[in-house]
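Remarks on the overall topology
Residue strings, one per chain:
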Amino acid sequence: MTNCPSIVAVEGPADVLARARRGDETAFEELMRMHERQVLRTALRLVGRLEDAQDAAQEVFLRLYRKLRVFGSLSEIRPWLYRVTVNVCYDLARKRGRLATEFPAGEVLVEGSQEQQIRLDQRRELLAEALTYLPEKERAAIVLREIEGLDTAEVAEILGSTPATVRSQVSTGRARLREVVTRLERRRK
Amino acid sequence: MMPDDFTLRDLPEPLEASYEAVRRGVLGEIRRRKRVRNAARMVAAAAACVLLAVAGLLALRQRTPTAGPPILARAPEAPAFVVPAKAVHKRLNPKHRAIRLLAHAPAQPLVVRMQTDDPNVVILWMVD
């Protein structure tokens, strides 16, 4: 009996998309894993509550599943996901009225004293809450440009506006954010 | 406090369990929708089969002749109507008529009928 070396097929991301299109659930799960951080994180910054963000992310991925045939390559999925995430979050916010704020349990650990850690956590909590007070367009511009790190042109395309408008929204949003954080800080003291 | 870029990007990430919950939810929903779709397809296929069967039965029923009431008496057949052929009267030259008659006379035996006083007795004389 001879020992044949096992052949392992190396799968590229394009194969994952093709298999997912054919209805392969494992491939679709792989696609979700590739984009879940982008979707859930953006949704969380936009809606402010983890539970709502999870609902939004779920809806986004279900829409992706239905639209799989539309995409020719994986690179087309990322901007589409941002656009749909923003729209789903807008819809959710409208449906649920004012956005609730909840500071999610974080995984980010910063070395230093316990006091420093607490102060940092408080700052993050304040910022996360302040974000939910911004008007939705400004909030989306800030989240995509400042948190997700997309360039202005990409943000403009996702939000269906112009780069000039995005620049203005980011600038106004930052000013407003500063104002809200100061107000929240004062209220807590 | 100034919300700078670093602080904004440093906002905490959702826990790993949150991503897993989303994945589970999505896959569960996809499977549920698939089941519903398959069930709907089965129902549609069954309905189509029933419709086809009904249509087939109706078509068969229309083709088979239905038994009529029992025959008690037959109507007499209509007499055959024969259109008589139109007689062709050809005018002959009177000079040729006798010759023609003789020529076409059938070869029949000449019968001479002789009557007697008794009406019941008739003498027939056949000449070849």
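Residues numbered from 1 in each chain as written. Chains lettered and ligands numbered in written order. Predicted model: local features only at pLDDT ≥ 70, side-chain atom pairs only at ≥ 80, totals over all residues.

**Quick look at the overall build of chain B**
- In terms of regular secondary structure, chain B is built from 3 helices and 2 strands.
- Scanning chain B from its N terminus toward the C terminus, one meets helices and strands in the order α-α-α-β-β.
- Expressed as a percentage of the 128 residues in chain B, the buried residues total 6%. (Helix = DSSP H or I, 4+ residues; strand = E, 2+ residues; numbered from the N terminus. Buried ≥ 20, exposed ≤ 12 C-beta atoms within 10 Å, placed from the backbone.)

**Points about the overall build of chain A**
- Along its length, chain A carries 8 helices and 0 strands.
- For chain A, the succession of helices and strands along the chain, N to C, is α-α-α-α-α-α-α-α.
- Residues classed as buried in chain A amount to 34% of the 189 residues present.
- Of the contacts made within chain A by residues no fewer than 6 positions apart, 68% connect residues no fewer than 24 positions apart. (Contact = placed C-beta atoms within 7 Å.)

**Some points on the interface of chain B and chain A**
- With 23 residues of chain B at the contact, the number on the chain A side is 30 residues.
- At the level of elements, α1 (5-9) and α2 (16-63) of chain B are the ones that each hand at least two residues to the side of chain B that touches chain A.
- Broken down by element, the residue count for the side of chain B that touches chain A peaks at 10 residues, all from α2 of chain B.
- The class makeup of the residues in the side of chain B that touches chain A is 14 nonpolar, 3 polar and 6 charged. (Nonpolar A, V, L, I, M, F, W, Y, C, P; charged D, E, K, R; others polar.)

**Quick look at the packing of helix α6 (residues 136-147) of chain A against helix α8 (residues 163-188) of chain A**
Residues and elements named next belong to chain A.
- The geometry of α6 relative to α8 is characterised by a closest axis approach of 8 Å and an angle of 100° between their N-to-C directions. Compared by their axis directions, α6 and α8 come out roughly perpendicular. Along its contact with α6, which presents Lys137, Glu138, Arg139, Ala141, Ile142, Arg145 and Glu146, the element α8 presents Val166, Gln169, Val170, Thr172, Gly173, Arg174, Arg176 and Leu177.
- For the contact of α6 with α8, the class distribution of residues is 5 nonpolar, 3 polar and 7 charged. (Axes fitted to C-alpha atoms, helices over the stretch in contact; angles between N-to-C directions. Parallel < 35°, antiparallel > 145°, perpendicular 65-115°, else oblique.)

**A closer look at the pairing of strand β2 (residues 122-127) of chain B**
Residues and elements named next belong to chain B.
- Of all 6 residues in β2, 0 are buried, a share of ten percent or less.
- With 6 bridges connecting them, strand β1 (residues 110-115) and β2 associate as antiparallel partners. The partner of Val111 across the bridge, within β2, is Met126.
- With antiparallel pairing between neighbouring strands as the criterion, β1 and β2 make up a hairpin whose turn holds 6 residues. (Pairing = 2+ DSSP bridges.)

**Section: helix α2 (residues 25-47) of chain A**
Residues and elements named next belong to chain A.
- With 23 residues, α2 should reach 33 Å at 1.5 Å per residue; the first-to-last C-alpha distance of 28 Å falls well below that figure.
- Within α2, the axis deviates most sharply at His35, by approximately 55°.
- Of the residues trailing α2, Gly48 is marked for its positive phi of about 85°. (Expected span 1.5 Å × (residues − 1). Bend = angle between axes of the 7 residues up to and from the residue.)

**Looking at the nonpolar core**
Residue and element names in this part refer to chain A.
- Residues Ala43 and Ala57 are the most contacted members of the largest nonpolar core, which totals 48 residues.
- By residue number, the principal contributor to this core is α2, which donates 9 residues.
- Looking at which domains feed residues into this core, each of domain 1 (12-102) and domain 2 (105-189) supplies at least three. (Core = buried A, V, L, I, M, F, W, Y, C linked by C-beta atoms within 7 Å. Domains from an automatic or database assignment.)

That's the geometry; what it means functionally is another story.
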